Structures are given as C-alpha cells and as structure tokens.
Amino acid sequence: MEDDILTIEEVAKYLRVSERTVYDWAQKGEIPAGKIGTVWRFKKSEIEGWVNAHLSSSSKFTSANFAVQVKNILSPDRIVFLNHSTKRDSLVELANSLCTAPQVKNSEELVSEILKREELMSTAIGRGIAIPHVRLSSVTDLVMAIGICKNPIDDFQPLDDVPVRLLFMIAAAYNQHSYYLQTLSFFSSKLKSQELRDSLVAAKTADEVYGLLNA
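Residues numbered from 1 in each chain as written. Predicted model: local features only at pLDDT ≥ 70, side-chain atom pairs only at ≥ 80, totals over all residues. Heavy atoms only, no water.

### Considering the overall build of the protein
The number of helices and strands found in the protein is nine helices and nine strands. For the protein, the C-alpha radius of gyration of 17 Å lies close to 17 Å, the compact-globule estimate for 215 residues. Taken along the three principal axes of its C-alpha coordinates, the protein extends 55 × 35 × 35 Å. Burial analysis of the protein (215 residues in total) assigns 48% to the buried set. Summing over all exposed atoms, the protein offers an accessible surface of approximately 10,200 Å²; the carbon and sulfur share of this is 48%. In the protein, which carries 24 positive and 27 negative side-chain charges, the distance between the mean positions of the two groups comes to 5 Å. (Helix = DSSP H or I, 4+ residues; strand = E, 2+ residues; numbered from the N terminus. Rg over C-alpha atoms; globule rule 2.2 N^0.38 Å. Buried < 20%, exposed > 50% of the residue type's maximum accessible area, 1.4 Å probe, protein only. Areas by Shrake-Rupley, 256 points an atom, 1.4 Å probe, with all protein chains shown as cover. Lys, Arg positive; Asp, Glu negative; His and termini not counted. Charge placed at Lys NZ, Arg CZ, Asp CG, Glu CD.)

Written as structure tokens, this is what we have:
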C-alpha cells in the first residue's frame, strides 16, 4: 500500500535524526531500505521492526556504563491510571500530565507532536508496552510520565498483537539525542521482565508504581 512507504524525510522525522544520517544508513545497508529509481524508500513495517530491535539490543543505543536514574526524570504525580479504550484518548491524557513537568515549556506543541508521531508510526514495542516519545526545542531536559491502562488498548497495532497496558511517555530536549535513545533502551530492557510488567499493571497507587521502577 502506498501509505506503507516512507520517504527519507519521514524516516528522519520519526527517528529524530538528520535526513543525511538516514541517507548514509541506507547507503551502508544499516537500515532496511530500497530504491525506486534513484530515490530511497522505506517500508513502514520494516522501519518499525528495525527500531524495536535496536531499542531492545545493547549494541547500538546503549552504553555499558550508562544507567538511567528513574527518580531524576519521573515523579509520582506524573503516574496516571488510564481508563480509556483508545490510544488517542490515552495519549492525550498522559501528554497533559507530562506537560505539568517544569521541563515542558509548550504544552500544546508536546501534545500535538506526540499525536503526530503516533500517526506516522506506532510506538508499541510489544509485550503490552508502548513508549511514545519526542524531542523538542521547547523541552529543557528529559522527563517522563507513565500511564497504567486499566483497559487493554487494541488500536496501537503492535507487531505481536498484544494490547497495550503500559505507556511510558518520554520528552527530551532536541539536543539530547544520545540520552534520549539510551533512556528508551533502558526502559525497553527493564520491561522485558514479565514479573515487573504484571506488577505494574496490578499496582493500585502511583507510589507503588514509582517504587517498582526505582527498585
């Protein structure tokens, strides 16, 4: 389908890298790509799979000495129990919670960009988890909010078809590319634990969720 094909510009916007970086990756075969004539094109499903694979790996987006300090980027007042049945409503409520962080200077832009990112490509990474994320010049430092979905959300279209129950929303400053990717990878790795995922979904209070993630 035509809407399943992305341009270099669209891939660059999704990954928050320059178009030149995407072009170089395509030339070197480091990212799934194909040429139509002389123009690079990318299959949405292949890019989504490539991103998820790299977020789950320790080779490209992580550092051996890097550890995210959850307490530095999350507070219990940005842990929300969501009762919506659609991803849009859930994303809007969680984004509005994230906007209460002092690091976020333009709430309208953050909500808008979170939704635009999701329209371009699902941020569901499997196992019932989605990690919506943006880098914006109106954000002064990396910050996050967490949504515990009391109703399974089916319309995230994850590759493994498991409905989303956990939303980890991350916003970072535009110049925090490395920290941003390392944070995404940290949570992707941490949430591989079935026990942790089950405990988060079963949690009754924000303080309980906060404690589990800081353990």
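### Quick look at the confidence of the model for the protein
With 92% of its residues at a pLDDT of 70 or more, the protein shows a mean pLDDT of 87. Ranking the elements of the protein by mean pLDDT puts helix α3 (residues 44-56) last, at 74, and strand β4 (residues 79-82) first, at 98. Predicted confidence is poor over residues 58-66, with pLDDT under 50, and the contacts of this stretch with residues over four places away or in other chains come to 15 contacts. (pLDDT = per-residue confidence, 0-100. Contact = heavy atoms within 4.5 Å.)

### Brief notes about the sheet that holds strand β2 (residues 34-36)
In spatial order, the strands read β1-β3-β2; together these three strands make up an open sheet with antiparallel pairing. This sheet does not close on itself; its edge strands, each paired only once, are β1 (5-6) and β2. As paired elements, β1 and strand β3 (residues 39-43) share two bridges and run antiparallel to each other. Each residue of the ladder has a partner; that of Ile 5, found in β3, is Lys 43. Contacts between helix α2 (residues 19-28) and the sheet are confined to β2 and β3, with β3 contributing the most and set at about 85° to the helix. (Pairing = 2+ DSSP bridges. Axes fitted to C-alpha atoms, helices over the stretch in contact; angles between N-to-C directions.)

### With respect to the packing of aromatic side chains
Applying the stated criterion across every chain, the model contains three aromatic pairs. Considering the side-chain rings of Phe 168 and Phe 187, the 5.5 Å spacing of their centres and the 40° angle between planes classify their relative orientation as tilted. Placement of the pair is Phe 168 in strand β9 (residues 164-173) and Phe 187 in helix α7 (residues 177-190), with a sequence separation of 19 residues. Looking at Phe 168, the relative accessible area reads 0%, which means it is buried. For Phe 187, a relative accessible area of 0% corresponds to the buried category. When the ring of Phe 186 is compared with that of Phe 187, the centres are 5.1 Å apart and the planes differ by 90°; the resulting orientation is edge-to-face. Each residue in the set Phe 168, Phe 186 and Phe 187 is aromatic and connected to the rest through ring pairs, giving one cluster. Over the ring of Phe 156 we find Lys 87; its NZ or CZ atom is 5.7 Å from the centre of that ring. Directly above the ring of Tyr 180 sits Arg 135, whose terminal nitrogen or CZ lies 5.5 Å from the centroid. (Phe/Tyr/Trp six-rings, centres within 6.5 Å; stacked < 30°, edge-to-face > 60°. Lys NZ or Arg CZ within 6 Å of the ring centre and 35° of its normal.)

### Concerning α7
Between the first and last C-alpha of α7 there are 20 Å, a value that for 14 residues agrees with the 20 Å anticipated at 1.5 Å per step. Of the residues making up α7, those classed as buried are Tyr 180, Leu 181, Gln 182, Thr 183, Leu 184, Ser 185, Phe 187 and Ser 188. (Expected span 1.5 Å × (residues − 1).)

### Here's the deal with the nonpolar core
Across soluble globular proteins, you tend to see nonpolar side chains buried next to one another. In terms of nonpolar packing, the biggest core is built from 27 residues, with Leu 110, Phe 156 and Leu 167 touching the most fellow members. Sorting the residues of this core by element identifies β4, α5 (87-98), α6 (107-120), β7 (133-136), β8 (143-153) and β9 as the ones contributing at least two each. If we ignore the near neighbours within four places in the chain, the residues touching Leu 167 are Leu 82, Ser 90, Leu 91, Leu 94, Ala 130, Pro 132, Ala 145, Ile 146, Gly 147, Cys 149 and Phe 156. Counting 26 residues, the second-largest nonpolar core is a separate cluster that includes Leu 74, Ile 129, Ala 172 and Leu 196. (Core = buried A, V, L, I, M, F, W, Y, C linked by side-chain atoms within 4.5 Å.)

### Concerning the pairing of β9
Burial of β9 is extensive: nine of the 10 residues sit out of reach of the surface. Two strands pair when backbone bridges link them, and strand β6 (residues 129-130) and β9 are joined in this way by two bridges, in the parallel orientation. Bridging across to β9, Ile 129 finds its partner in Leu 166. Across four bridges, the pairing between β7 and β9 is parallel. Looking at β9, one finds that His 133 is bridged to Ile 170.

### Comments concerning unusual backbone geometry
Glycine aside, the phi torsion of most residues is negative, and most peptide linkages are trans. Of note in this structure, Arg 127 is not a glycine but carries a positive phi near 60°. Relative to the elements of secondary structure, Arg 127 occurs in the loop between β5 (124-126) and β6. With phi around 65°, Asp 161 is a residue other than glycine that occupies positive phi space. The residue Asp 161 is located in the loop between β8 and β9 in this model. Judged by relative accessible area, Asp 161 falls into the exposed class, the value being 65%.

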